[in-house]
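For reference, the chains in residue letters:
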Amino acid sequence: MGATPTTAMALGTDLQRHTQAIEAAIGMGLSEPQRRYYAHLLICRLLLIHVLQRGGWLPGADPWYLQTLLGYSQEQGRDRFFSQVILPLCCQGFGLPPPERPPALGPQLGTLPYLGSSLFEPQPWELRPDLQMADEPWEALLAWLAEQPDVIPLDTLAIAFEQWLASAPMTSESPDPGLTATVEAVIGDAMLSALAQETGQTFPDLESLIADLGDDLCQRLVETILPRTTVLDPACGSGRLLRAALPPLYRLYDACWRYARHSSSLALGRWAEALHPQGPNPAWRLTAHILTRHLYGVDLRPEAVAATRCQLYWALLATTTPAQGLAPLPSLAFTVLEGNALVGLIRVDAASFDQTLVPTSTAKTTAETPTAMPVETVVQGSLLQPLAAENYRSIRQEKHIRIEHYQAQNQVLEEGNPLPQYAQATFLRDGKRPVEDHRISDLNQVAQAKLNQLLLDEFSQTLGIRLREPRPDGRHRKRLLTLADIDALNPCHWGFHFSDAIETEGGFAVILTQPPQGTLRPRMEPFYRDHCDRFQALGIDLKTFRKQRQSLLQRYPDLAAAWSQYASHIFLLGDYCRRSRHYSPPQRGTLPRALYQSALFARRCESLLRPGGVLLILPPKTVPRCC
């Protein structure tokens, strides 16, 4: 299969079709957004398993492992494949280290590698015993996978993933098939420019730089230039731009590592040893290092986050073979995040954080009771809430230490260091998740709650924003903001989650993004898609809703309440962008009434870029992603 736009778009269209079939087969009382995310997550899992089975990593090196299991399952009866094969295979097989797997799993599924990725962690609804799904969508998906080649080019996969995540068909000209070369050139130029500013040395391209490597130049690269080359996509979508940023970083890392291994310089020798590119092979270790320390992405859609992680893992799996071995996949939970890139604190006032008023756990604020929420001033040293009392710097420092510890644990496994079986489970996991991941998650939750409270103070007190709730008669009701309103925006607090890049380096070295098209406003299409079950039950199609929205909302109070909640939070984000210093021009009142998402992302990128950094903003996508 060649890396042509036509082939890739067809592949993406097929992925859309199979995702929709799985989504339609999901019951379980999930909402439409949950079903959409879960269907994409299941496809991501199956795509990675497909790579493993075609690569010969699964039991018996069977290239038709999944198809064989489907046949065995259907010999025992119909509609058992999902509950008796897919779920245990993903959540207990690939998702658990061997000592923790149920004893019956081995005879049923064979000896499986432990992947350790968040993509294979159980979702809350996957723990329900009544989880069922018909065989038909899985039969069609596995038959389609059987037709695919053993190796799908990464560029083809990247274009296919763009089409897959689009909610409407894209033309053959979009996305640009030459995008990979453009991104590689931007990353290379950014590193060459940084080197020129640091040393005064100039090179026409990376190949010339690599050919001229010496001890001094190599040491400057590995100590200063490479560690500071951080790449961000704040609207990462399928992860295509981040994947395209990988090759130039890898080429320079690989050249420096190969040079340092044979250099007489003690400093370079120590660097090469500390990087320790053993694992299955040097290519795996170097690629994993880049994925976890150089490439960062944010997207509001959980299915986009899953797709980005899947595409980056696909690139990593392409670096090894069964003969070389397979290590647990590195965690991308700290670098590719779900959140709203347009709202959130870029830099955090530590003193304000430490004295933040935190809502008590028993209090709730709703739209009906938007008055003062019971709060308590939390200061460091509180005996009642020791975790919530931690100050900002201590939380941030502990998170950094625990992430380093978590990554070191995975490196021990990559290196093949022997651990007794009785120690492996304790070493890796607590319950169903890594020990460090538990504590990191706790720290993130505490920090997110307090940072959201700071953001609420900025919205309501500094900017004077109130929530505008549309009513069925076309008018609006204003009320005071609550913490739940800020939570609903899902802010990305850049200064906390990416503190090394923001606070230590002053911003990201390179920002690449393709922002969504259109204005920031409530749209009927995504609202209809998120509530299609209710609309279909009422016999209302999208065309009818477009034409008769106001009368339909007056007739059906539940739809009116859902629309009010949806639209009010988009109005809230718009009011923030009009009043916030991060978006408004110096002269108040000069911001256009229509808020174009491409312009908002451009302003956000400027705030996140370090001085002297490189910004590449591609033409907007045709499908809105913010609302």
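In short, a report on the structure.

What counts, and where the lines are drawn
Residues numbered from 1 in each chain as written. Predicted model: local features only at pLDDT ≥ 70, side-chain atom pairs only at ≥ 80, totals over all residues. Heavy atoms only, no water. Pairing = 2+ DSSP bridges. Helix = DSSP H or I, 4+ residues; strand = E, 2+ residues; numbered from the N terminus. Axes fitted to C-alpha atoms, helices over the stretch in contact; angles between N-to-C directions. Parallel < 35°, antiparallel > 145°, perpendicular 65-115°, else oblique. Contact = heavy atoms within 4.5 Å. Nonpolar A, V, L, I, M, F, W, Y, C, P; charged D, E, K, R; others polar. Expected span 1.5 Å × (residues − 1). Buried < 20%, exposed > 50% of the residue type's maximum accessible area, 1.4 Å probe, protein only. Polar contact = N/O pair within 3.5 Å; in protein donor to acceptor, adjacent residues only side chain to side chain. Core = buried A, V, L, I, M, F, W, Y, C linked by side-chain atoms within 4.5 Å.

A short note on the pairing of strand S8 (residues 467-470)
On any regular strand, side chains alternate: one points to one face of the sheet, the next to the other face.
Then, number 1: Sheet topology places S8 next to strand S9 (residues 476-479); four bridges connect them, and they run antiparallel. Following the sheet pairing, Leu467 is matched in S9 by Arg479.
Then, number 2: The antiparallel pairing of S8 with S9 creates a hairpin that spans five residues between the two strands, and Gly474 there sits at a positive phi of about 95°.

Points about the packing of helix H7 (residues 154-165) against helix H14 (residues 302-317)
Then, number 1: Their axes nearest at 11 Å, the elements H7 and H14 cross at an angle of 170°. By the angle between their directions, the pair H7 and H14 is classed as roughly antiparallel. Within the contact between the two elements, H7 uses Leu154, Leu157, Ala158, Phe161, Trp164 and Leu165 and H14 uses Glu303, Ala304, Ala307, Cys310, Gln311, Trp314 and Ala315.
Then, number 2: Classifying every residue of the contact of H7 with H14 by side-chain character gives eleven nonpolar, one polar and one charged.

Here we look at the sheet that holds strand S10 (residues 508-513)
Then, number 1: Judged by pairing direction, the sheet is parallel, and its five strands sit side by side in the order S3-S2-S1-S10-S11 without closing on themselves. Strands with a single pairing partner mark the edges of an open sheet, and in this sheet they are strand S3 (336-338) and strand S11 (609-617). Ignoring which end each strand starts from, the neighbouring axes of this sheet average 20° apart.
Then, number 2: With two bridges connecting them, strand S1 (residues 231-233) and S10 associate as parallel partners. In the strand pairing of S10, Leu232 is matched with Ile511.
Then, number 3: Contacting strand S2 (295-299) and S3, H14 runs over the sheet at an angle of about 170° to S3.

So, helix H13 (residues 282-293)
Then, number 1: Its twelve residues place the ends of H13 16 Å apart at the C-alpha level, agreeing with the 16 Å of an ideal helix rising 1.5 Å per residue.
Then, number 2: Taken as a whole, H13 has its buried residues at Ala283, Trp284, Arg285, Leu286, Thr287, Ala288, His289, Ile290, Leu291 and Thr292.
Then, number 3: Looking at where H13 begins, the residue whose side-chain oxygen comes 3.0 Å from the main-chain nitrogen of Ala283 is Asn281.

A word on the nonpolar core
Grouped burial of nonpolar side chains is what soluble globular proteins tend to show.
Then, number 1: In this structure, Tyr38, Trp138 and Leu512 are the most contacted members of the largest nonpolar core, which totals 115 residues.
Then, number 2: At 13 residues, the largest contribution of residues to this core is made by helix H2 (residues 32-55).
Then, number 3: Excluding its chain neighbours within four sequence positions, the residues that come into contact with Trp138 are Ile22, Leu42, Leu46, Phe81, Phe82, Ile86 and Met133.
Then, number 4: One finds Leu451, Ile465, Leu483 and Leu572 within the second-largest nonpolar core, a separate group that totals 60 residues.

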